[in-house]
Amino acid sequence: MDMAARLKAVRQRISLAANQAGRDPLSVTLIAVSKTHSDCDIAQSWRLGQRHFGESYVQEAMYKQQKLAHFPISWHFIGPLQSNKTRHVANAFSWVHSVDRYKIAKRLSEHRNENLPALNICLQVNISQEPTKSGVLPAQLPELAESVSRLPHLNLRGLMAIPARTDDLAQQRRLFRELRSLYDQLNQFNLDTLSMGMSNDLEAAVAEGATLVRVGTDLFGTRKVEVDGLRE
Ligand SMILES: *Cc1c(COP(=O)(O)O)cnc(C)c1O
């Protein structure tokens, strides 16, 4: 399949899942996760109408953002974020999905240029409660949301999760429903974003209310580099 066919297939999966859930397909935005893939791949999908792109590695993203400076792309940072990399991320991206500590949020807010609109933030939740995974634990989420929501140059929009991988649809839905329920409990913050669902589980995520789905493999093919953070 070429890029046009893959993009079309993923968009159709999203529309179908939305329709089955009685949701407007336009309420779900596709983020093309382009990490490890080239700026040419991004430009090609841009020409096919794709506008939101997700990157996980700061150096790699900087390189592509320079190459693609003439494309008004909406860049989403979705990878683990170290505090010495916050300056670039704060200004070159419109969204950060992976905030799981106040320290990082505070630095992003401090570094965000005054002339730019507030940086959109999702708090990453360790929904499967795996000890080695990033993300705030559900029990600590309300306190983090409270403190992040007070930061002046950030706009707290919602929650993100990467549940443990499984092919069992019921299990996929159960974990996404948990994220949805945490989201509902934070209604005083006027959240509007649930960033959940990837190539393997986007149908379950859309069924449970995802508004941003992050798809890499099924758009760009398998990645050569699979280890998180290897390039940092
Ligand atoms: C890599 C990555 C994705 C895309 O995963 P695929 O399974 O390739 O669709 C989505 N979200 C995050 C946070 C990622 O790191």
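Thresholds, definitions, all that
Residues numbered from 1 in each chain as written. Predicted model: local features only at pLDDT ≥ 70, side-chain atom pairs only at ≥ 80, totals over all residues. Heavy atoms only, no water. Core = buried A, V, L, I, M, F, W, Y, C linked by side-chain atoms within 4.5 Å. Buried < 20%, exposed > 50% of the residue type's maximum accessible area, 1.4 Å probe, protein only. Helix = DSSP H or I, 4+ residues; strand = E, 2+ residues; numbered from the N terminus. Contact = heavy atoms within 4.5 Å. Phe/Tyr/Trp six-rings, centres within 6.5 Å; stacked < 30°, edge-to-face > 60°. Near = heavy atom within 4 Å. Polar contact = N/O pair within 3.5 Å; in protein donor to acceptor, adjacent residues only side chain to side chain. Areas by Shrake-Rupley, 256 points an atom, 1.4 Å probe, with all protein chains shown as cover. Nonpolar A, V, L, I, M, F, W, Y, C, P; charged D, E, K, R; others polar. 1 Å grid on protein atoms, 1.4 Å probe; cavity = no way out; pocket = protein on both sides within 12 Å on 5 of 7 lines; lining within 4 Å. Points joined across faces, edges and corners; volume = space filled by probe spheres on them. Salt bridge = Lys/Arg side-chain N within 4 Å of Asp/Glu carboxyl O.

### Side note on the nonpolar core
Right, so step 1: Core analysis: the biggest nonpolar cluster contains 62 residues, and Val96, Leu108, Ile121, Leu123 and Leu159 have the highest contact counts within it.
Right, so step 2: With six residues, the top contributor of residues to this core is helix 1 (residues 3–20).
Right, so step 3: Among all residues touching leucine 108, those that are not within four sequence positions of it are Leu81, Thr86, Val89, Ala90, Val96, Val99, Leu119, Ile121 and Leu154.

### A few points about unusual backbone geometry
Right, so step 1: Despite not being glycine, glutamine 129 shows a phi value in the positive range, around 50°.
Right, so step 2: Structurally, glutamine 129 can be placed in the loop between strand 5 (119–124) and helix 6 (141–149).
Right, so step 3: Residue glutamine 129 is classed as partly exposed on the basis of its relative accessible area of 48%.
Right, so step 4: The phi dihedral of asparagine 190 falls on the positive side, at around 55°, and the residue is not glycine.
Right, so step 5: As for its position among the elements, asparagine 190 is in the loop between helix 7 (169–184) and strand 7 (193–195).

### Some words on the packing of aromatic side chains
Right, so step 1: Scanning the entire structure with this criterion turns up three aromatic pairs.
Right, so step 2: Relative to phenylalanine 71, the ring of tryptophan 46 has its centre 5.6 Å away and its plane inclined at 80°; by these criteria the two rings are edge-to-face. Of this pair, tryptophan 46 sits in helix 2 (residues 39–47) while phenylalanine 71 sits in the loop between helix 3 (58–67) and strand 3 (74–77); the two residues are 25 residues apart in sequence, bridging distant segments of the chain.
Right, so step 3: Overall, tryptophan 46 belongs to the buried group, its relative accessible area being 14%.
Right, so step 4: Note on phenylalanine 71: relative accessible area 13%, which makes it buried.

### Observations regarding the site of the ligand
Right, so step 1: Taken together, 13 residues lie near the ligand, and Lys35, Ser199, Arg214, Thr217 and Arg223 sit nearest.
Right, so step 2: At 2.8 Å, a backbone N or O of glycine 216 approaches an oxygen atom of the ligand.
Right, so step 3: For the ligand, the accessible surface in isolation is 390 Å², of which the surrounding protein chains cover 93%.
Right, so step 4: Residue composition of the shell around the ligand, by class: six nonpolar, four polar and three charged.

### Observations regarding the layout of surface pockets
Right, so step 1: By volume, the second largest pocket is sized at about 240 Å³.
Right, so step 2: Around the second largest pocket, the lining residues are Arg11, Ile14, Ser15, Pro25, Leu26, Val28, Thr29, Leu30, Gly49, Gln50, Arg51 and His52.
Right, so step 3: Among the secondary structure elements, those contributing two or more residues to the lining of the second largest pocket are helix 1 and strand 1 (29–33).
Right, so step 4: In terms of residue count, the dominant contributor to the lining of the second largest pocket is helix 1 (three residues).
Right, so step 5: Residues of the lining of the second largest pocket, tallied by class, amount to five nonpolar, five polar and two charged.

### A few points about the pattern of salt bridges
Right, so step 1: This model, assessed by the stated rule, comprises 13 salt bridges.
Right, so step 2: As a salt-bridge pair, arginine 177 and glutamate 208 come within 3.2 Å of each other at their nearest N and O atoms. With a gap of 31 residues between them, arginine 177 in helix 7 and glutamate 208 in the loop between helix 8 (202–207) and strand 8 (212–215) connect regions that are remote in the sequence.
Right, so step 3: By relative accessible area, which is 9% here, glutamate 208 ends up buried.

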